[in-house]
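For reference, the chains in residue letters:
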Amino acid sequence: MPQRVQDQEQRAGVQVASSNFLTDNPALYEQQFPDPGHVAARFVDDVVRRFGGPDAGSLLDIGCGTGRDARYWSQRGRDVAGLDSSERMVEYARRQCPDGEFVVADMRSFALERRFDVITCLDSALLYCHTNEDLDGFLQLCRAHLVQRGLLVAEMRNGAFFLGNTELLDGVRERTVEWDGVGYRSRTTLWIDHAAQLLRRRRIWDWPGCPEPLDQRSAWRLLFPLELRSYLERAGFEVLAVFDEPGPRTDSPWHADAPLSEALAGDRLHFVARACGAGGAV
Ligand SMILES: C[S@@+](CC[C@H](N)C(=O)[O-])C[C@H]1O[C@@H](n2cnc3c(N)ncnc32)[C@H](O)[C@@H]1O
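Residues numbered from 1 in each chain as written. Predicted model: local features only at pLDDT ≥ 70, side-chain atom pairs only at ≥ 80, totals over all residues. Heavy atoms only, no water.

*Asks:* Quick one: what's the story with the overall build of the chain, residue by residue and with numbers?
*Replies:* Broken down by element type, the chain carries 7 helices and 11 strands. For 282 residues, the compact-globule estimate of 2.2 N^0.38 gives 19 Å, and the chain sits close to it at 19 Å. By principal-axis analysis of the C-alpha atoms, the chain measures approximately 55 × 45 × 35 Å. Long-range pairs, those at least 24 residues apart, make up 63% of the contacts in the chain with a sequence separation of at least 6. Of the roughly 12600 Å² of accessible surface on the chain, 47% is carried by carbon and sulfur atoms. Within the chain, the 42 negative side-chain charges are centred at a point lying 1 Å from the centre of the 33 positive side-chain charges. (Helix = DSSP H or I, 4+ residues; strand = E, 2+ residues; numbered from the N terminus. Rg over C-alpha atoms; globule rule 2.2 N^0.38 Å. Contact = heavy atoms within 4.5 Å. Areas by Shrake-Rupley, 256 points an atom, 1.4 Å probe, with all protein chains shown as cover. Lys, Arg positive; Asp, Glu negative; His and termini not counted. Charge placed at Lys NZ, Arg CZ, Asp CG, Glu CD.)

Here it is, written out as structure tokens:
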């Protein structure tokens with residue numbers, strides 16, 4: 001890394017030489033996507049209760065990020081584990097949630113040698129499974145790591161939203177987030193790669209004194225609700241609910257007794273699925 005970039009990193013307290021500026025800087029991630037009311041974690045507790053899952057017991061959060069949801073569940077009596085491909089996120093999660101068990105692993109190939117009552121995969125983490133093989137592999141691993149009748153709960157972007165809806169694809173979205181006295185600006189462009197069925201993202205970061213802007217790429221699989229059902233059923237799940245509203249990241253606020261909309265035109269997609277049969281080896 002060039003010396004001036006290292007100097008900048010030390011001054012601002014951030015890791016800049018990364019392929020994903022946000023996942024390599026977990027505190028900045030929480031600043032960019034705050035959830036002070038723990039809506040995401042409460043959403044999971046509520047749907048697990050609604051679909052007959054346990055209030056306590058074990059929970060694995062896949063793509064656990066900073067561990068803030070894990071800490072919430074742990075403080076309320078769940079035995080939590082988390083998995084993420086980012087070492088920085090896992091280190092941070094271990095500090096935030098000392099009673100949890102966190103591992104650096106790829107969601108497409110993990111093996112934890114235990115089963116859980118609940119598995120969660122929130123904020124589009126599932127959509128890092130880009131190919132059909134990735135998706136099949138991931139869901140089979142989830143099935144194998146769940147007890148019989150265990151629940152898989154996920155929340156993500158909705159591929160069907162993009163049918164006739166271009167509001168997220170038009171122009172560049174600019175945002176500045178303050179962290180540690182520095183304003184970090186991001187400029188984000190999204191477009192659809194139709195052949196790969198991916199929503200692709202280019203995000204350029206800069207901040208005062210930044211030696212050179214960071215230009216980073218990412219992508220999410222675009223999944224349609226009926227397609228998702230089919231993957232889940234093939235992997236040994238009974239689909240209990242698929243809905244777009246409300247959820248932790250929808251305009252309509254989440255509450256425990258909310259009716260679940262099956263219109264499926266909204267920009268978020270949520271599902272609850274129950275593990276059937278014995279499942280494979282862990
Ligand atoms: C949008 S963040 C969501 C974090 C957290 N679940 C939340 O809701 O705040 C997605 C997370 O998935 C992780 N991730 C991306 N690809 C992954 C993979 N192949 N295996 C495991 N984790 C992955 C990223 O490092 C990141 O922490």
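*Asks:* Which residues make up the sheet that holds strand S3 (residues 101–104), and what values do they have?
*Replies:* Backbone hydrogen bonds hold the strands of a sheet together, and the pairing may be parallel or antiparallel. The 7 strands lie next to each other as S3-S2-S1-S4-S5-S11-S10, forming an open sheet whose pairing is mixed. With partners counted over all chains shown, the strands left at the sheet margins are S3 and strand S10 (237–243), one partner each. Direction aside, neighbouring strands of the sheet carry axes that sit 15° apart on average. Bridge analysis of strand S4 (residues 116–121) against strand S5 (residues 146–157) gives 5 bridges, and the strand direction is parallel. Looking at the pairing, cysteine 121 lines up with alanine 154 of S5. Packing of helix H3 (residues 39–50) onto the sheet brings it into contact with strand S1 (58–62), S4, S5, S10 and strand S11 (268–275), and relative to S5 it is tilted by some 135°. (Pairing = 2+ DSSP bridges. Axes fitted to C-alpha atoms, helices over the stretch in contact; angles between N-to-C directions.)

*Asks:* Can you break down the pairing of S5 residue by residue, with the values?
*Replies:* Extensive coverage of S5 is indicated by the burial of 9 of its 12 residues. In this view, the connection linking S4 to its parallel neighbour S5 by way of helix H6 (residues 132–144) has right-handed handedness. Pairing of S5 with S11, which is carried by 7 bridges, proceeds in the antiparallel orientation. If you follow glutamate 155 over to S11, its bridge partner there is histidine 270. (Buried < 20%, exposed > 50% of the residue type's maximum accessible area, 1.4 Å probe, protein only. Right-handed = clockwise from strand over helix to strand, strands pointing away.)

*Asks:* Tell me what's going on with the nonpolar core, and back it up with residues and numbers.
*Replies:* Generally speaking, soluble globular proteins have nonpolar side chains that are buried together. Formed by 43 residues in total, the largest nonpolar core has its most connected members in Ile62, Leu126, Phe138, Leu152, Leu232, Phe237 and Phe271. Listing elements by their share of this core, those giving two or more residues are S1, strand S2 (79–84), S4, H6, S5, helix H7 (225–234), S10 and S11. Among the elements that line this core, the one with the most residues is H6, at 5 residues. For this core, the two domains that each supply at least three residues are domain 1 (3–32 + 162–220) and domain 2 (39–158 + 223–275). (Core = buried A, V, L, I, M, F, W, Y, C linked by side-chain atoms within 4.5 Å. Domains from an automatic or database assignment.)

*Asks:* Now, about H7: what can you tell me, with residues and values included?
*Replies:* Of all the positions in H7, only Pro225, Leu228, Tyr231 and Leu232 are classed as buried. Burial along H7 is one-sided: seen end-on, the buried residues are contained in an arc of 120°. Of the residues in H7, the exposed ones pointing more than 90 degrees away from the buried face are Leu226 and Arg234. Just downstream of H7, glycine 236 is the residue with a positive phi angle, here 95°. (Arc of directions from axis to C-beta.)

*Asks:* A description of the side chain of glutamate 155 should follow, citing residues and the corresponding values.
*Replies:* With respect to the secondary-structure elements, glutamate 155 resides in strand S5. Here glutamate 155 falls in the buried class, since its relative accessible area comes to 0%. Beyond its immediate sequence surroundings of up to four residues, glutamate 155 is in contact with Cys121, Leu122, Asp123, Ser124, Pro248, Arg249, Arg268, Leu269 and His270.

*Asks:* Before we move on, could you go through the site of the ligand and cite the residues and values that matter?
*Replies:* Not every one of the 18 residues close to the ligand is listed here, only the nearest: Gly63, Asp84, Ser85, Asp106 and Met107. Serine 85 places a main-chain nitrogen or oxygen 3.2 Å from a nitrogen atom of the ligand. Residue aspartate 106 places a side-chain N or O atom 3.2 Å away from a nitrogen atom belonging to the ligand. Taken by itself the ligand offers 600 Å² of open surface, and the protein chains cover 91% of this. (Near = heavy atom within 4 Å. Polar contact = N/O pair within 3.5 Å; in protein donor to acceptor, adjacent residues only side chain to side chain.)

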